[in-house]
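Chain by chain, the residues run as shown.
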Amino acid sequence: MWLLSPLLLLIVPGSSYVITGPEEVSGLERGSLTVQCHYDPGWENYRKWWCRGAEWSNCEILVTTAGTEWEVKKDRVSIRDDQRSRVFTVTMEKLRRNDTDVYWCGIERNGAADLGIQVKVPVEPVVARCHYGPRWEAYMKQWCGGADGSSCTILVQTTGSKQAKENRAYIDQEKRTFTVTLRN
């Protein structure tokens, strides 16, 4: 596989851009994200790939199509090429904060430099903000997980205006608001 420098990445002599995609796609920790990369006619039967790394020349290819429309899945990443619409879709699942990085949508060209587009992927923690009135300042606040309030598992709790950290959750009370940030 040959790779071009980022400045020459999308330009092919005598033509316009071959592959396009979003500059950035963000996701929430523990969630999933989807990236769609579009390509010009004539590239339908070429292999498409998704790689990770800030440098185009040495990014790590995470998943590659077989040049067909069949979905290919490897670990938490899948790729599928819709050749009729000329778009391939990459899905990253069970996101982690350390998945934050620069990725590339690419098309493999036999005997020539591959084509690709850079996509920045930030992964953010899940944050919930709860507001309460002045008469509730001194009361216990809880964040729990489960199907209903009567049988949920308490992830974090606090009394009054004190802060608390437990089980990957954090409560910070100010201005009658507490924020719960769930972290892996």
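Residues numbered from 1 in each chain as written. Predicted model: local features only at pLDDT ≥ 70, side-chain atom pairs only at ≥ 80, totals over all residues. Heavy atoms only, no water.

**Quick word on the overall build of the protein**
Counting secondary structure elements, the protein contains zero helices and 17 strands. A burial count over the protein gives 39% of its 184 residues as buried. In the protein, 52% of the contacts between residues at least 6 apart in sequence involve partners at least 24 apart. By element, 48% of the accessible surface of the protein is carried by carbon and sulfur atoms, the whole surface being about 11000 Å². (Helix = DSSP H or I, 4+ residues; strand = E, 2+ residues; numbered from the N terminus. Buried < 20%, exposed > 50% of the residue type's maximum accessible area, 1.4 Å probe, protein only. Contact = heavy atoms within 4.5 Å. Areas by Shrake-Rupley, 256 points an atom, 1.4 Å probe, with all protein chains shown as cover.)

**As for the sheet that holds strand β10 (residues 115-121)**
What the four strands build is an open sheet, ordered β5-β4-β9-β10; its pairing is antiparallel. Looking at strand neighbours, the two that pair on one side only are β5 (60-64) and β10, the edges of this open sheet. Between one strand axis and the next, the sheet turns by 25 degrees as a mean value, whatever way the strands run. Two strands pair when backbone bridges link them, and strand β9 (residues 101-107) and β10 are joined in this way by seven bridges, in the antiparallel orientation. Paired with Asp-101 across the strands is Val-121, a residue of β10. (Pairing = 2+ DSSP bridges. Axes fitted to C-alpha atoms, helices over the stretch in contact; angles between N-to-C directions.)

**Some words on the pattern of salt bridges**
Applying the stated criterion to the full structure yields six salt bridges. Among the charged side chains, a salt-bridge network with shared partners connects Arg-52, Arg-76, Asp-99 and Asp-101. (Salt bridge = Lys/Arg side-chain N within 4 Å of Asp/Glu carboxyl O.)

**Here's the deal with the environment of Thr-158**
Position of Thr-158 relative to the elements: it lies in strand β14 (residues 153-158). Classification of Thr-158 as buried rests on a relative accessible area of 5%. In the structure, Thr-158 is positioned 17 residues away from Lys-141 in sequence and 5.3 Å away in space, judged by C-alpha atoms.

**With respect to the nonpolar core**
Ile-19, Val-35, Trp-50, Phe-88, Cys-105 and Ile-107 are the most contacted members of the largest nonpolar core, which has 25 residues in total. Looking at this core, the elements that each hand over two or more residues are β3 (33-39), β5, β7 (77-82), β8 (87-92), β9 and β10. Those residues in contact with Cys-105, other than ones at most four positions away along the chain, are Ile-19, Val-35, Cys-37, Trp-49, Trp-50, Phe-88, Leu-115, Gly-116, Ile-117 and Val-119. With six residues, the next largest nonpolar core counts Trp-49, Cys-51, Cys-59 and Trp-104 among its residues. (Core = buried A, V, L, I, M, F, W, Y, C linked by side-chain atoms within 4.5 Å.)

**Here's the deal with the packing of aromatic side chains**
On inspection of all chains with the given rule, the structure shows six aromatic pairs. When the ring of Trp-49 is compared with that of Trp-56, the centres are 5.5 Å apart and the planes differ by 35 degrees; the resulting orientation is tilted. Pairing Trp-136 with Tyr-139 gives two aromatic rings, centres 5.0 Å apart and planes at 55 degrees, and the pair type is tilted. You can call Trp-136 partly exposed: its relative accessible area is 37%. Aromatic rings pair up to connect Trp-49, Trp-56 and Trp-104 into one cluster. The ring of Tyr-39 has Lys-48 sitting right over it, with the charged end atom 4.4 Å from the ring centre. A cation over an aromatic ring shows up here: Lys-141 above the ring of Tyr-132, its NZ or CZ 4.4 Å from the ring centre. (Phe/Tyr/Trp six-rings, centres within 6.5 Å; stacked < 30°, edge-to-face > 60°. Lys NZ or Arg CZ within 6 Å of the ring centre and 35° of its normal.)

**Observations concerning unusual backbone geometry**
Even without a glycine there, the phi angle at Arg-30 is positive, about 75 degrees. One non-glycine residue with positive phi stands out, namely Asp-75, at about 55 degrees. By the element assignment, Asp-75 lies in the loop between β6 (72-74) and β7. For Asp-75, a relative accessible area of 69% corresponds to the exposed category.

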